[in-house]
Amino acid sequence: MEMLTNQLSKYYSAWRNCFLSLRQGKIFLLFMAYASIQIASVFVLMHFAFPPFSGVLVPIMEKYFGELALHYPNNFLVLPVMFFWFNVILSGLLGIFLVGTATVLFKNSFDKNTLTVGQSVRSTLPRYGYLFLIWVVETLLLVLVFIYVPKLLNQFTFFAQRGNLTKQLVTSFAAILAGSFFLYTTALVMLQKQGPIRAIAQSLSLCFRYPVITILLIALPNLVKMPMDLLAGRPQFLISKFTPEMVGVAIILSIFVSMFANYLLVGTVTGYFMSVNQRT
């Protein structure tokens, strides 16, 4: 009990320091810039039929969703799926770089050191390959979760008789659990200079050593953004109740919520990791 109390105290300090870091603003600006790219992509996908992106997007949509998806309002029915896969690619190309850079900046902030974005970027560049390899492994696992967990749930009468929302919730919680295995990998790569295999192994070790705190660290920010993510993933509901364009609005709102949630996630994980690894 005493050990858990000590862990909760460090967890509270991680949240407190993360909120205090907002006053400096530099780190949050990085998350705002990333969100701006995501929002711009939503507008591009909404206007897929216009140059210069139509030459790429129209063939993709026709191939994977059929010719009907090219017509209004059917294009909004596939918008969440199109954005999901774009976001996956963006996270692999740029998102992991953002998280790596932000992790270094959070460490400097918590250590009361000068925050230099340029230096943090330069320290992330040599580690990008490691971060990318870890991202590939984590993404493959999460894709498997999103594909096969709903199919598994359909084998049970209880879930088969429920709507898609129930299965989406269970699948989301399964994804959170799977993501917890990789929670500390970026901190291990950036702050302790570990390679990808060792980082994954040590992240798993920390996950099992601090299971309660690990779940809290990853679950709370994800629970904050889950309602908007679920709403944005229900285009038929939004179109029937409002207008097709509300699908795009819901996705953009989910991006804004995710911006804050991801900031808190990276900040609190970095702070807690530092508290249990004093040599970082």
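Residues numbered from 1 in each chain as written. Predicted model: local features only at pLDDT ≥ 70, side-chain atom pairs only at ≥ 80, totals over all residues. Heavy atoms only, no water.

Draft legend 1. Examining the overall build of the protein chain more closely. What the protein chain contains, in helices and strands, is 14 helices and zero strands. Starting at the N terminus and ending at the C terminus, the protein chain contains elements arranged as α-α-α-α-α-α-α-α-α-α-α-α-α-α. By the compact-globule yardstick of 19 Å for 280 residues, the protein chain fits well, its C-alpha radius of gyration being 20 Å. The 280 residues of the protein chain split such that 46% are buried. A fraction of 75% describes how many contacts in the protein chain between residues 6 or more apart in sequence connect residues 24 or more apart. As displayed, the protein chain offers around 14,700 Å² of accessible surface, 69% of which is attributable to carbon and sulfur atoms. Side-chain charges of the protein chain comprise 19 positive and 7 negative groups, with the mean position of each set lying 12 Å from the other. (Helix = DSSP H or I, 4+ residues; strand = E, 2+ residues; numbered from the N terminus. Rg over C-alpha atoms; globule rule 2.2 N^0.38 Å. Buried < 20%, exposed > 50% of the residue type's maximum accessible area, 1.4 Å probe, protein only. Contact = heavy atoms within 4.5 Å. Areas by Shrake-Rupley, 256 points an atom, 1.4 Å probe, with all protein chains shown as cover. Lys, Arg positive; Asp, Glu negative; His and termini not counted. Charge placed at Lys NZ, Arg CZ, Asp CG, Glu CD.)

Draft legend 2. Up close: the pattern of salt bridges. Within the structure shown, the criterion is met by one salt bridge. The residue D111 makes a salt bridge to K107 at a minimum N-O spacing of 2.8 Å. Among the residues examined, K107 registers a relative accessible area of 16% and is labelled buried. (Salt bridge = Lys/Arg side-chain N within 4 Å of Asp/Glu carboxyl O.)

Draft legend 3. Structural detail: the layout of surface pockets. In this model, the second largest pocket occupies a volume close to 170 Å³. Surrounding the second largest pocket, L45, L57, I60, Y64, F65, V81, M82, W85 and F86 form its lining. Every element with two or more residues in the lining of the second largest pocket is listed here: helix 3 (54–65) and helix 5 (79–110). Of the residues that constitute the lining of the second largest pocket, the class distribution is nine nonpolar, no polar and no charged. (1 Å grid on protein atoms, 1.4 Å probe; cavity = no way out; pocket = protein on both sides within 12 Å on 5 of 7 lines; lining within 4 Å. Points joined across faces, edges and corners; volume = space filled by probe spheres on them. Nonpolar A, V, L, I, M, F, W, Y, C, P; charged D, E, K, R; others polar.)

Draft legend 4. Main features of helix 12 (residues 211–232). Its 22 residues give helix 12 an end-to-end C-alpha distance of 30 Å, which sits within 8% of 32 Å, the value for a rise of 1.5 Å per residue. For helix 12, the principal kink sits at K225 and spans about 40°; a proline, P227, occurs within the next four residues. The complete set of buried residues in helix 12 reads I213, T214, L217, I218, A219, P221, N222, K225, M226, M228, L230 and A232. (Expected span 1.5 Å × (residues − 1). Bend = angle between axes of the 7 residues up to and from the residue.)

Draft legend 5. The environment of S41, seen in detail. With respect to the helices and strands, S41 occurs in helix 2 (residues 26–46). Measuring from C-alpha to C-alpha, the distance between S41 and L90 comes to 10.0 Å, with 49 residues separating the pair along the chain. When sequence neighbours within four positions are dropped, the list of residues in contact with S41 reads F83 and F86.

Draft legend 6. Spotlight on the side chain of N108. Assignment of secondary structure puts N108 in helix 5. Residue N108 is classed as buried on the basis of its relative accessible area, which comes to 18%. Apart from residues lying up to four places away in sequence, N108 is in contact with N113, T114, L115 and S120.

Draft legend 7. Structural context of a nonpolar patch on the surface. Together, V56, I60, Y64, F65, V81, F84, W85 and F146 make up a nonpolar patch on the protein surface, roughly 750 Å² of accessible area in all. Looking at the nonpolar patch, the elements with two or more residues in it are helix 3 and helix 5. (Patch = residues over 30% accessible without salt bridge, like charges linked within 9 Å, V, L, I, M, F, W, Y side chains within 5 Å.)

Draft legend 8. Representation of the packing of aromatic side chains in the model. Applying the stated criterion across every chain yields a total of 16 aromatic pairs. Where F31 meets Y263, the ring centres are 5.5 Å apart and the plane angle is 75°; that geometry is what we call edge-to-face. Highlighted residues: F31 in helix 2 and Y263 in helix 14 (residues 245–276), separated in sequence by 232 residues. Exposure remark for F31: the relative accessible area of 4% places this residue in the buried category. A relative accessible area of 2% places Y263 in the buried class. Where Y210 meets Y272, the ring centres are 5.8 Å apart and the plane angle is 90°; that geometry is what we call edge-to-face. Residue Y210 is found in the loop between helix 11 (196–209) and helix 12, and its partner Y272 is found in helix 14; the two are separated by 62 residues along the sequence. Between the NZ or CZ atom of R234 and the centre of the ring of F237, over which it lies, the distance is 4.9 Å. (Phe/Tyr/Trp six-rings, centres within 6.5 Å; stacked < 30°, edge-to-face > 60°. Lys NZ or Arg CZ within 6 Å of the ring centre and 35° of its normal.)

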